[in-house]
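Residues per chain are reported as follows:
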Amino acid sequence: MMRVCAFTWVFMWAALVSGELYRKVASDVAPPAQFALLQTTSPSLAMCSAVCQGIPSCLGFSYSGVNTACAPLQGSMGNVILDSAETSGCNIYWKITDISRGFTRFGNKAYLYDASPLTFTEAHQTCRDRYASIALPLNLQESQNLQLVAPSVTKWILASDVATEGSWVNHDTGTVLVYRNFIPPNPDNYGSIEDCGTLTSDSAWNDVACNNKYSFVCEVPQDHCELGTWDIRCTFA
């Protein structure tokens, strides 16, 4: 299979792109030629990024410091990386968008903290608008990771018993939660209105009214951070 970093023909000059518009997502690999919108050479990484920036459909690019091969890319970043072959000196870069900015990877997930005090429904929609969900710790380690992302604040988690009182589930999927960290007497459903979950600053869970307002963390799930469906938001550490 032909690899794009093998091409060294056609020189293209482009204006320098300022600021961080792309992020390296894979090292020493070359994507297959079918993902390339163009196969050219460029005197520098910055110039190659500018070539991509000038093509509306370009989502990323590969660049080789060995032979200056430059290839603007299209398609899914996950497929591009998954189908790539080991090639010394060739790296893949992907476009940073407003959706991907601000996420940080901890463990197998990526998180973005939003300090805005919102109701559960508002926070839920805000995360959905970012193609993410409200964070939900599935074990003690993930709970500790959330505390690193947003320490010393109470924040929404994607846990509720809205559907059936006393049955705490993933609010989006309805899956009954195996890991829970309520500290008695919670959950107590005080006033018969506490159907949404929060994570307190000491990592304890609490049930509260869903129209209360708290900050929250948006989460990119583990399956998006694995190689087969690689997500650029998982590359920020």
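Details of the structure are given in the entry above.
Now for a description of the structure that goes with this document. Keep in mind that this is a model prediction, so the values were computed, not measured. Numbering of residues starts from 1 in every chain and runs along the sequence as written. pLDDT decides what is reported in this predicted model: residues at 70 or higher carry local features, side-chain atom pairs at 80 or more are listed and counted, and totals for whole chains, interfaces and linings draw on all residues regardless. Only hydrogens and water are set aside when side-chain values are computed; all heavy atoms of the structure are taken into account.

1. Concerning the state of the cysteines
For step 1, the next point in the chain: When two cysteine sulfur atoms lie within 2.5 Å, the pair is treated as a disulfide. Evaluation of the coordinates by the stated rule reveals five disulfides.
For step 2, the next point in the chain: The disulfide that involves Cys 127 links it to Cys 218, with 2.1 Å between the sulfurs. Taking the sign of the S-S torsion, about -90° here, the bridge from Cys 127 to Cys 218 comes out left-handed. With Cys 127 in helix H3 (residues 120-129) and Cys 218 in strand S15 (residues 214-220), this pair connects stretches of sequence that are 91 residues apart. Cys 218 carries the same exposure label as Cys 127, and that label is buried.
For step 3, the next point in the chain: For Cys 196, the disulfide goes to Cys 210, at an S-S distance of 1.9 Å. Linking Cys 196 and Cys 210, the disulfide has an S-S dihedral of approximately 95° and is accordingly described as right-handed. Residue Cys 196 is located in strand S13 (residues 194-199), and its partner Cys 210 is located in the loop between strand S14 (205-209) and S15; the two are separated by 14 residues in the primary sequence. Helix and strand definitions here come from DSSP, where helices need a minimum of 4 consecutive H or I residues and strands a minimum of 2 consecutive E residues; each element is numbered from the N-terminal end. Only protein chains enter the accessibility calculation, which uses a 1.4 Å probe. A residue is then buried if its area is under 20% of the maximum for its type, exposed if over 50%, and partly exposed in between.

2. Brief notes about helix H1 (residues 45-53)
For step 1, the next point in the chain: Those residues of H1 that sit buried are Met 47, Cys 48, Ser 49, Ala 50, Val 51 and Cys 52.
For step 2, the next point in the chain: Looking at the packing, one finds that the buried side of H1 touches strand S1 (22-26), strand S4 (60-64) and strand S5 (69-73). Contacts: residue pairs with any heavy atoms within 4.5 Å of one another.

3. Description of the nonpolar core
For step 1, the next point in the chain: Working definition of a nonpolar core: buried Ala, Val, Leu, Ile, Met, Phe, Trp, Tyr and Cys residues. They are joined through side-chain atoms within 4.5 Å. Within the largest apolar cluster, 33 residues are counted, with the highest numbers of intra-cluster contacts made by Trp 156 and Trp 205.
For step 2, the next point in the chain: Elements supplying a minimum of two residues to this core: strand S9 (109-118), H3, helix H4 (140-149), strand S11 (155-160), S13, S14 and S15.
For step 3, the next point in the chain: Ranked by size, the runner-up nonpolar core spans 15 residues in total, among them Met 77, Val 80, Trp 94 and Phe 236.

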